[in-house]
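The chain contents come next:
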Amino acid sequence: AQSVSQHNHHVILSEAASLELGCNYSYGGTVNLFWYVQYPGQHLQLLLKYFSGDPLVKGIKGFEAEFIKSKFSFNLRKPSVQWSDTAEYFCAPGGSYIPTFGRGTSLIVHP
Amino acid sequence: DTGVSQDPRHKITKRGQNVTFRCDPISEHNRLYWYRQTLGQGPEFLTYFQNEAQLEKSRLLSDRFSAERPKGSFSTLEIQRTEQGDSAMYLCASSPGTGGANVLTFGAGSRLTVL
């Protein structure tokens, strides 16, 4: 069985601050890695994904994540957040077609 | 709208009643998923279909829960004899059968409140 741990449940930042959200997972096989985002009043949507290749992946709205296999981590980063990044962020590793979601991180960005 | 549709968006029911939720996935997607989400938690996997076949069910899916996808298109999730602990957002998602295999597209969810 796979599990996922998101270390930060609530993060409050000011605009232009840098963001890093931690995600660690446990899974024995080949793993696909995802970050999903839910903006207020909207559906969950894909932010970025990693299947293979370059461990540094870029997603929408300037987000990126780095897969570090030795640490079983897939941390999400953004160098300069905006007020519009206020949302819930979910890390979701997935093996056999079924992503397992972390508890999520609530990010609030103050203008 | 070519996204994932869920109906109803909100359902309030009394304990002991049965409820049914419907999900219409993206038409060309072969895989369909049901998740449940409670406040402050991430989505929890319930079950998954590949076309009309239900391939996996979570232990969270008690005998009171049943899901179907009779023709490989829309799906229903029924909860019998609802309990207050069933109150949650029920999310449906679909994904393609190939390529971006398990990139999920979510619907807006069906919020269940059991009184």
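Here, every reference points to the structure presented above.
Parameters and conventions
- Residues numbered from 1 in each chain as written.
- Chains lettered and ligands numbered in written order.
- Predicted model: local features only at pLDDT ≥ 70, side-chain atom pairs only at ≥ 80, totals over all residues.
- Heavy atoms only, no water.
- Helix = DSSP H or I, 4+ residues; strand = E, 2+ residues; numbered from the N terminus.
- Rg over C-alpha atoms; globule rule 2.2 N^0.38 Å.
- Buried < 20%, exposed > 50% of the residue type's maximum accessible area, 1.4 Å probe, protein only.
- Contact = heavy atoms within 4.5 Å.
- Areas by Shrake-Rupley, 256 points an atom, 1.4 Å probe, with all protein chains shown as cover.
- Lys, Arg positive; Asp, Glu negative; His and termini not counted.
- Charge placed at Lys NZ, Arg CZ, Asp CG, Glu CD.
- Buried area = accessible area lost by both parts, 1.4 Å probe.
- Salt bridge = Lys/Arg side-chain N within 4 Å of Asp/Glu carboxyl O.
- Polar contact = N/O pair within 3.5 Å; in protein donor to acceptor, adjacent residues only side chain to side chain.
- Nonpolar A, V, L, I, M, F, W, Y, C, P; charged D, E, K, R; others polar.

(A) Spotlight on the overall build of chain A. The number of helices and strands found in chain A is zero helices and 11 strands. The secondary structure elements of chain A, listed N-terminal to C-terminal, are β-β-β-β-β-β-β-β-β-β-β. For chain A, the C-alpha radius of gyration of 13 Å lies close to 13 Å, the compact-globule estimate for 111 residues. Principal-axis analysis of the C-alpha atoms gives chain A an extent of 40 × 25 × 20 Å. Within the span of chain A, comprising 111 residues, buried residues form 46% of the whole. Across chain A, the fraction of contacts at a sequence separation of at least 24, relative to all contacts at a separation of at least 6, is 54%. Carbon and sulfur atoms make up 53% of the accessible area of chain A, which totals about 5400 Å². Here chain A contributes 8 positive and 7 negative side-chain charges, whose respective centroids are spaced 5 Å apart.

(B) Structural view of the interface of chain B and chain A. In this assembly, 20 residues from chain B lie in contact with 18 residues from chain A. Both faces considered, chain B and chain A share a buried interface measuring about 1500 Å² in area, 61% of it formed by carbon and sulfur atoms. Summed over the three residues of chain B that lose the most area to chain A, namely Asn-102, Val-103 and Phe-106 of chain B, the buried surface amounts to 35% of that side. Here chain B is connected to chain A by zero salt bridges. In this structure, the connection of chain B to chain A is made through five residue pairs in polar contact (both at pLDDT 80 or more). Those elements giving two or more residues to the side of chain B that touches chain A turn out to be strand 4 (31-37) and strand 5 (44-50) of chain B. Ranked by residues supplied to the side of chain B that touches chain A, first place goes to strand 4 of chain B with four residues. The residue inventory of the side of chain B that touches chain A, partitioned by class, reads 11 nonpolar, seven polar and two charged.

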